[in-house]
Amino acid sequence: MVVGVVMPASAIVILAGIKDSPLETVCSIQWLLSIVCWLVTILSLLATAAENYARLCLSPHCYSLLTNEFITLIMFGIWVVSSVLVALQFYYDLLPDYCSTMTSKILPYQALTAVMCVILPGLITLALYFRIIMQVRLARSNPNFKPPMAFNWDYSLMKTNMYSFFCFFAFWLPFGIILCLASTRKISALLFYNLAWLALSKSCVNNILYAACNRHFRNAYINLFHYCCCKTTVTFSRRSRPEAVRPTGDVRVHIIPGYNMYSYTSPQRANRDTAKSPGKRGAATRTRPNGRDVYEL
């Protein structure tokens with residue numbers, strides 16, 4: 001929502017030179033969506049830490065209670081609760097005023113909200129990750145502990161989620177501090193909005209973070225790149241597939257210009273191309289050992 005709505009809307013406002021009342025309306029909507037996403041992220045990080053703890057530290061019977069439907073219901077509930085809470089605060093003008101870089105005067109309420117919605121979930125999430133690490137280290141200290149491969153994969157994913165948690169607070173904490181200071185003193189608008197954009201840019205680095213920290217996400221991005229740029233099908237298995245089982249209608253086309261690449265096509269298509277231009281086939285084809293023709297693009 002931040003990358004697809006908030007940031008493009010800001011770019012449109014800047015390029016169009018919108019001012020006065022329309023600018024305030026767009027800014028209010030952007031601020032509302034950003035706060036919703038911010039609260040959803042905090043609660044989702046807490047739910048993710050709890051799920052990782054149940055997966056790695058609890059018994060299989062306890063983890064079996066977390067079905068796909070139950071997890072989906074939890075995530076849907078997080079979105080509903082966050083949207084309702086933020087909408088009510090926005091309606092009663094209880095949110096900090098981002099658009100004018102000044103907060104409202106209800107400081108005790110805002111302090112209580114920060115404790116309940118930021119500090120408490122953050123501490124619980126941190127405690128869950130700390131407990132997971134301690135229990136895994138304690139288990140690995142036992143010479144007879146031989147975890148399955150799936151356990152190592154889950155532990156690696158847990159560490160990636162933990163890095164995302166730390167990265168979220170690293171991006172948002174400076175803006176949160178400035179937002180608190182703006183309630184009592186005048187803050188430079190340039191510093192205020194630069195830190196706000198730093199916080200929002202966290203949504204743009206999630207894919208980079210997961211690709212850098214987790215091998216499975218990295219392999220998925222590599223497969224996606226091959227699917228989009230190199231060939232029509234992607235083999236997700238690590239085993240090399242023999243050429244004999246390759247579908248006869250599969251076509252490999254490399255779309256990056258500047259290279260002398262080849263397209264592998266089926267004999268049926270080769271016969272059709274020969275019928276259309278019999279004079280060009282001899283100059284443009286090569287023969288592979290399996291009998292297929294290689295056509296230079």
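The rules behind each value
- Residues numbered from 1 in each chain as written.
- Predicted model: local features only at pLDDT ≥ 70, side-chain atom pairs only at ≥ 80, totals over all residues.
- Heavy atoms only, no water.
- Axes fitted to C-alpha atoms, helices over the stretch in contact; angles between N-to-C directions.
- Helix = DSSP H or I, 4+ residues; strand = E, 2+ residues; numbered from the N terminus.
- Parallel < 35°, antiparallel > 145°, perpendicular 65-115°, else oblique.
- Left-handed = near helix turned anticlockwise from the far one by under 90°.
- Contact = heavy atoms within 4.5 Å.
- Nonpolar A, V, L, I, M, F, W, Y, C, P; charged D, E, K, R; others polar.
- Phe/Tyr/Trp six-rings, centres within 6.5 Å; stacked < 30°, edge-to-face > 60°.
- Buried < 20%, exposed > 50% of the residue type's maximum accessible area, 1.4 Å probe, protein only.
- Expected span 1.5 Å × (residues − 1).
- Polar contact = N/O pair within 3.5 Å; in protein donor to acceptor, adjacent residues only side chain to side chain.
- Bend = angle between axes of the 7 residues up to and from the residue.
- Patch = residues over 30% accessible without salt bridge, like charges linked within 9 Å, V, L, I, M, F, W, Y side chains within 5 Å.
- Areas by Shrake-Rupley, 256 points an atom, 1.4 Å probe, with all protein chains shown as cover.
- Salt bridge = Lys/Arg side-chain N within 4 Å of Asp/Glu carboxyl O.
- pLDDT = per-residue confidence, 0-100.

Draft legend 1. View of the packing of helix H8 (residues 206-213) against helix H9 (residues 215-229). Running from N to C, H8 and H9 point in directions that differ by 115 degrees, and their axes come no closer than 5 Å. For the element pair H8 / H9, the angle class is roughly perpendicular. Like other packed secondary-structure pairs, H8 and H9 cross with a definite hand, here left-handed. Across the interface between the two elements, Asn207, Tyr210, Ala211, Ala212 and Cys213 of H8 pack against Arg215, Phe217, Arg218 and Tyr221 of H9. Its residues assigned to classes, the contact of H8 with H9 comprises 6 nonpolar, 1 polar and 2 charged.

Draft legend 2. Quick look at the packing of aromatic side chains. Across all of its chains, the model carries 13 aromatic pairs by this definition. Here the aromatic rings of phenylalanine 165 and phenylalanine 166 are separated by 5.5 Å at their centres, their planes lie at 55 degrees, and the arrangement is tilted. Taking the relative accessible area as the measure of exposure, phenylalanine 166 reaches 41% and is therefore partly exposed. For the pair tryptophan 172 and phenylalanine 175, a centre-to-centre distance of 6.1 Å together with 70 degrees between the ring planes defines the contact as edge-to-face.

Draft legend 3. Structural view of H9. Taking 1.5 Å per residue as the helical rise, H9 with its 15 residues ought to reach 21 Å, and the 21 Å between its terminal C-alpha atoms agrees with that figure. Capping of H9 at its N-terminal end is provided by asparagine 214; its side-chain oxygen lies 3.0 Å from the backbone amide nitrogen of histidine 216.

Draft legend 4. Up close: helix H6 (residues 149-181). Its 33 residues place the ends of H6 49 Å apart at the C-alpha level, agreeing with the 48 Å of an ideal helix rising 1.5 Å per residue. The axis of H6 is deflected most strongly, by about 35 degrees, at tryptophan 172, and proline proline 174 appears within four residues downstream.

Draft legend 5. How the structure looks around the packing of H6 against helix H7 (residues 189-200). It is the contact of H6 with H7, at a shortest axis distance of 7 Å, that shows an interaxial angle of 150 degrees. In this view, H6 runs roughly antiparallel relative to H7, as classed from their interaxial angle. You can see that H6 and H7 cross each other, and the crossing is left-handed. Contacts between H6 and H7 involve Phe171, Trp172, Pro174, Phe175, Ile178 and Leu179 on the former and, on the latter, Leu191, Phe192, Leu195, Ala196, Leu198, Ala199 and Leu200.

Draft legend 6. Representation of a nonpolar patch on the surface within the structure. A cluster of nonpolar side chains, namely Leu73, Phe76, Val80, Val84, Leu88, Tyr91 and Tyr92, defines an oily patch on the protein surface of about 790 Å² accessible area. Note that phenylalanine 76 resides in helix H4 (residues 68-91). We classify phenylalanine 76 as exposed; its relative accessible area is 55%.

Draft legend 7. Just the confidence of the model for the protein, in detail. The predicted model of the protein has a mean per-residue pLDDT of 77, with 74% of residues at 70 or higher. Of the regions scoring below 50 in pLDDT, residues 238-270 engages in 58 contacts with residues more than four places distant in sequence or in other chains. Scored below 50 in pLDDT, residues 280-297 shows 40 contacts in the model against residues more than four places distant or in partner chains.

Draft legend 8. Structural detail: the side chain of serine 44. Inspection of the secondary structure assignment puts serine 44 in helix H2 (residues 20-57). Note on serine 44: relative accessible area 12%, which makes it buried. Setting aside anything within four residues of it in sequence, one finds serine 44 in contact with Met75 and Ile78.

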